[in-house]
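# Structural overview for review
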Amino acid sequence: MAAPRACCLLLSYRLVFGSVFDWPDVLGVSTWLFDQGSTFGYRPEPLGESTALRGPAPDWSLGDSRVPLMHFQGHWANPVNATSYPGSILFASESEGLRFRAHLIFDSANLSLVKLTLENSGKQTAHGQFSIGGSGANISAQPGEEINFGLPNSSMPCFAPSLYGRGRLVLIQSVLLKDELQPLSWNVTDSKEHFEATSLQIDISPAAMATAFILVTPVASVPDRMDFRDLSDRFRRSIWRWEGYLQAVKAQLPARKSQLDKDAIVAWSAVKSVMTLLGNWRTVPGLPSGVLPSYIGYEGGFWSWDTYKQAVGMVHFAPDLAKDQLRLLVSARDATGHIPDKVDRCGHGGGCSGKPPLLGWAVWTVFQQTQDLAFLHEMYSIVSNFHHFWYKHRDVTGAGLCSWTEGMESGMDDGVRFQPEFARSVANTTSHVTTLDFWSVDLNSYLFKEKKLLSQMAALLAYSDDAREWEQDAEALLPKLQNTFFVPDGDRAGFFSDVYFNGSALPIKGCEGFAALFSGVATYSQALRMANTLWDSNQFFLNFSLPTVSKNNRFFNAQGYWKGPTWIDQTWFAYTGLRSFARIKGNGSSVFAGLASELKQRIFRGFVSNDTTPLHEHYHPETGAPQGVPHFSWTAAHLLMWVDEGNKTSSALVNEDDVTWI
């Protein structure tokens, strides 16, 4: 790769998404910026008529007043404005022909760089200085070199106060001027709660620029001193990395003018999704990285079925992180092969009974995109053992059908089917297995799909006996699922529902039935009847998207978590299943294709280009109003699955021939 030739890069006009600098404030100017797996984030905050930088703030204590608030200036009183871009925050101000910029990026999880520039746009030599001030807790300074500050402590043992309780701002002692490095001295004053650092005067010729750097770290130690050229390269590589993310998810936008508004919404949603997922990326000491469901409300760890979906959504632009978050999750499996509900921030398994068996789907999808056979080999036995776990520990009747132990295990925590009116626990005293008293269509559909995927994995890995056995098991199971879970007549006709052990269906039509479409369980005629049920505006076909339970259910609540709102993942499961049946020639092809298309259009119609509202956990099924926690990862992941439908061969790398350096 040729060495970069200037301060920043822009993608050429050949690329759909342009530069990262074409996407200002996509999530709003005040959203926290996390990157490179860092636990510590930054965001712009008002400071009088100007704007300052809050951070580094640990995600477990974002509102703590002890987190430093820093302001950057060109040593004048003019207000500083901030703009948040994908992967960076830019502060800017101008005064009398001098243009000041302070641009923050993440170099690593524990190191951020702030690039300071003063550009003379006037006709006379200008005299300028860099000025940095701030407030915080337990501030102390080493004259002319660095400022130390206290940070809120964590109760997590892997974030010990001795390592993460104190941060540093390091002042680099050189400035680049007229392509020459010159010494740069700083005057620093400090008190227990405030500091000021001002560089010595810099003389800047017309059309010239002075460039300096500072380092910010949330840890007690700082890296070895890096020279100026190295810092410049690191800064460029960070911008380049984000350009690569955007290129990798670029939409295949049609040229028809009538499509431009729709394409803008899709592109805006894609950029927002990438920023959301990478904002939830976290390192785990001594283990692979993971991705939080959200850094707000879910900062305690990494949930398993969230991780499966996130890996599928991220593999097109961050394939290594897609694989690593799966590795993190399976590192906490127990001797039975069971994968826990969640892994905490220190890598320990815990949570409730578990989560749905979608690991095989995630592994297979990641493999299809990366063609990493070693990864497939690494994961095959883990997926196989977890699959067998369900039949040993969740088949309470011995019928070859499995049941959830509780609503939390299904991932649909408080869904209507788990209310006391419909569910109770039963135990098999011989096998010591305890579950709810009904077989679940989603669980058994996922297991059917996983058998099919395990067969394909085994065939690729040359485990021919395994491949044949998995396929035989799947084919034997399929008619049992079709006959057991589909309701052919009565009030709940035309849908897949959970079934009590006595053979009667639960009186509920819910999103669990979508799994029969997604997993390929339904026959063609069953799928067609189900599609007609989904088309019904009195049941599922609502103004924004599919609810989690039929609108005519007496427990339907559009704001009831899993009792009515739209969850984007569930609509995507239904959509994917419908698309699969649309490819089969038959009298229902237009029904499947039409419904799938309408579901996708309604989802994206609910998102507006230039809307800075974060992606949320779930949505009102009629109005599309956001509900639940913001910055939700699997919503972002599933939006990217839609965006990437026609873009399966994207690379996560940018070719330097495709960039313009300015």
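Residues numbered from 1 in each chain as written. Predicted model: local features only at pLDDT ≥ 70, side-chain atom pairs only at ≥ 80, totals over all residues. Heavy atoms only, no water.

### With respect to the overall build of the protein chain
For clarity, the threshold we go by: For the purposes of this entry, the term helix denotes a DSSP run of H or I that reaches at least four residues, the term strand denotes a run of E that reaches at least two, and both are numbered from the N terminus. Here the radius of gyration uses the C-alpha set of atoms, whereas the globule reference equals 2.2 Å times the residue count to the power 0.38. The classification of residues rests on relative accessible area computed with a 1.4 Å probe and restricted to protein chains. Under 20% of the type maximum is buried, over 50% is exposed, and intermediate values are partly exposed. Whether two residues are in contact is decided by their heavy atoms, any of which lying within 4.5 Å being enough. Computed with a 1.4 Å probe, the accessible areas rest on the Shrake-Rupley method; for each residue, only the protein chains presented here act as cover. Two residue types count as positive, namely Lys and Arg, and two as negative, namely Asp and Glu; His and chain ends fall outside the count. A single reference atom marks each charge: NZ on Lys, CZ on Arg, CG on Asp, CD on Glu.
For the protein chain, the helix and strand inventory stands at 15 helices and 33 strands. Whereas a compact globule of 662 residues would reach a radius of gyration of roughly 26 Å, the protein chain reaches 27 Å, a difference of no more than 12%. With the C-alpha coordinates aligned to their principal axes, the bounding extent of the protein chain is approximately 85 × 55 × 50 Å. Taking all 662 residues of the protein chain together, 62% fall into the buried category. Long-range pairs, those at least 24 residues apart, make up 67% of the contacts in the protein chain between residues at least 6 apart in sequence. Approximately 25000 Å² of the protein chain is accessible, and the part contributed by carbon and sulfur atoms is 50%. Each charge class in the protein chain can be summarised by its mean position, and for the 54 positive and 65 negative side chains these summaries are 4 Å apart.

### A closer look at the packing of helix α9 (residues 441-460) against helix α10 (residues 464-485)
Using the following cut-off: The convention used is that axes are lines fitted to C-alpha atoms, helices contributing only their stretch in contact, and that angles between N-to-C directions extend from 0 to 180 degrees. The scheme is simple: roughly parallel for angles under 35 degrees, roughly antiparallel for over 145, roughly perpendicular for 65 to 115, oblique for anything else. Two helices cross in a left-handed way if the nearer one is turned anticlockwise from the farther one by less than a right angle. They cross in a right-handed way if the turn is clockwise. Think of it as three bins: nonpolar holds Ala, Val, Leu, Ile, Met, Phe, Trp, Tyr, Cys and Pro, charged holds Asp, Glu, Lys and Arg, and polar takes everything else, Gly as well.
Running from N to C, α9 and α10 cross one another at 160°; their axes reach a closest spacing of 8 Å. One element, α9, and the other, α10, form an angle in the roughly antiparallel class. As α9 packs across α10, the resulting crossing turns out to be left-handed. Contact residues: V441, N444, S445, F448, K451, K452, L454, S455, A458 and A459 in α9; D466, A467, W470, E471, D473, A474, E475, L477, L478, L481 and F485 in α10. Class assignment of the residues belonging to the contact of α9 with α10 gives a composition of 12 nonpolar, 3 polar and 6 charged.

### Focus: the state of the cysteines
We count it as follows: When two cysteine sulfur atoms lie within 2.5 Å, the pair is treated as a disulfide.
As enumerated under the stated definition, the model contains 1 disulfide in all. Each sulfur of the disulfide joining C158 and C346 lies 2.0 Å from the other. Taking the sign of the S-S torsion, about -85° here, the bridge from C158 to C346 comes out left-handed. Here C346 lies in the loop between β23 (342-344) and β24 (349-350) and C158 lies in the loop between β12 (146-150) and α1 (161-164), a separation of 188 residues in the sequence. As far as the burial class goes, C158 and C346 line up, both buried. C352 forms no disulfide, and the closest cysteine sulfur to it belongs to C511, at a distance of 16 Å. No disulfide involves C402; its sulfur sits 17 Å from that of C352, the nearest cysteine.

### Some points on the UniProt feature "domain: Mannosylglycerate hydrolase MGH1-like glycoside hydrolase" (unreviewed entry) in the protein chain
For clarity, the threshold we go by: UniProt positions are given in the numbering used here, feature names are shortened, and annotations may be inferred rather than shown by experiment.
Those places that UniProt annotates as "domain: Mannosylglycerate hydrolase MGH1-like glycoside hydrolase" (unreviewed entry) correspond, in this numbering, to residues 303-635. What you have in residues 303-635 is 46% helix and 9% strand, and the ends, taken at the C-alpha atoms, are 14 Å apart.

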